[in-house]
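Structure at a glance
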Amino acid sequence: MANTFDHGMSCVFESVAGKEVEILMLVIGGTCAVFMCTVYIHLMSIARKHVRQIKPEDGANASIVAELKRQVRLMKTFLIVCGVYLLCYAPQILLTVLHLSGLFYDTAGYFGGVCTTLVFINSLMDAVIYVWRMPAYRKAIVRLLRCE
């Protein structure tokens, strides 16, 4: 079947919501992504600074350092999740910006399909990252697969 896309034809979302809603979604989504990444980077820098300041001279400080190192690893995991989120959503955001600017119309074509697939892959990647980086998740998945 041949592609019968007409440049004057709008996609379903655009016909229901309009360009104003697409712009609003870009602004809100972009603001949330930037805020989330900024907060995680700031928290990780604070935790690293505290790890360096604490001297493990006695047992109490050693346990604090171990806990802070665990927290830094957790924050690194969340930074990886944020990075994967941005990588997976960036093509979709670019496609939306190009569509809104009038430079690209075929949002339902091949590139649109790839962008949508990347958005769905983001959910899979989150699960893979959590299992890879967090032993508690890994144990829970193993128990789940063994039906324990």
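Structure's up top.
Figured I'd write up the structure that's included with this text. (Residues numbered from 1 in each chain as written. Predicted model: local features only at pLDDT ≥ 70, side-chain atom pairs only at ≥ 80, totals over all residues. Heavy atoms only, no water.)

1. Some remarks on the packing of aromatic side chains
Scanning the entire structure with this criterion turns up three aromatic pairs. Considering the side-chain rings of Phe 78 and Tyr 130, the 6.2 Å spacing of their centres and the 75 degrees angle between planes classify their relative orientation as edge-to-face. With Phe 78 in helix 3 (residues 59-101) and Tyr 130 in helix 4 (residues 110-133), this residue pair connects regions lying 52 residues apart in the sequence. Judged by relative accessible area, which is 21%, Phe 78 ranks as partly exposed. Centroid distance Tyr 85 to Tyr 89: 4.6 Å. Interplanar angle 35 degrees. Geometry classified as tilted. Separated by four residues within a single helix, Tyr 85 and Tyr 89 lie in helix 3, roughly one turn from each other. Using a relative accessible area of 25% as the deciding quantity, one classes Tyr 85 as partly exposed. Each residue in the set Phe 78, Tyr 130 and Tyr 137 is aromatic and connected to the rest through ring pairs, giving one cluster. Sitting over the ring of Trp 132, Arg 133 keeps its end group 5.4 Å from the ring centre. (Phe/Tyr/Trp six-rings, centres within 6.5 Å; stacked < 30°, edge-to-face > 60°. Helix = DSSP H or I, 4+ residues; strand = E, 2+ residues; numbered from the N terminus. Buried < 20%, exposed > 50% of the residue type's maximum accessible area, 1.4 Å probe, protein only. Lys NZ or Arg CZ within 6 Å of the ring centre and 35° of its normal.)

2. Focus on the nonpolar core
One broad rule of soluble globular proteins: the nonpolar side chains tend to lie buried together. The biggest cluster of nonpolar side chains holds six residues, and these are Val 81, Val 84, Cys 88, Ile 129, Tyr 130 and Met 134. Among the elements of the structure, helix 3 and helix 4 are those that each provide at least two residues to this core. It is helix 3 that contributes the most residues to this core, three residues altogether. In contact with Val 81, other than residues within four places in its own chain, are Asp 126, Ile 129 and Tyr 130. (Core = buried A, V, L, I, M, F, W, Y, C linked by side-chain atoms within 4.5 Å. Contact = heavy atoms within 4.5 Å.)

3. Details of the environment of Cys 37
On the secondary structure map, Cys 37 appears in helix 2 (residues 19-53). Taking relative accessible area as the criterion, Cys 37 reaches 14% and is therefore assigned buried. Measuring from C-alpha to C-alpha, the distance between Cys 37 and Leu 86 comes to 9.5 Å, with 49 residues separating the pair along the chain. When residues no more than four places from it in sequence are discounted, the contact partners of Cys 37 are Leu 79, Cys 82 and Leu 86.

4. Some thoughts on the packing of helix 4 against helix 5 (residues 135-145)
For the pair helix 4 and helix 5, the least separation of the axes is 5 Å and the interaxial angle reads 105 degrees. In this view, helix 4 runs roughly perpendicular relative to helix 5, as classed from their interaxial angle. Facing helix 4, whose interface residues are Tyr 130, Val 131, Trp 132 and Arg 133, helix 5 presents Pro 135, Tyr 137, Arg 138 and Ile 141. Grouping the amino acids of the contact of helix 4 with helix 5 by side-chain chemistry returns six nonpolar, no polar and two charged. (Axes fitted to C-alpha atoms, helices over the stretch in contact; angles between N-to-C directions. Parallel < 35°, antiparallel > 145°, perpendicular 65-115°, else oblique. Nonpolar A, V, L, I, M, F, W, Y, C, P; charged D, E, K, R; others polar.)

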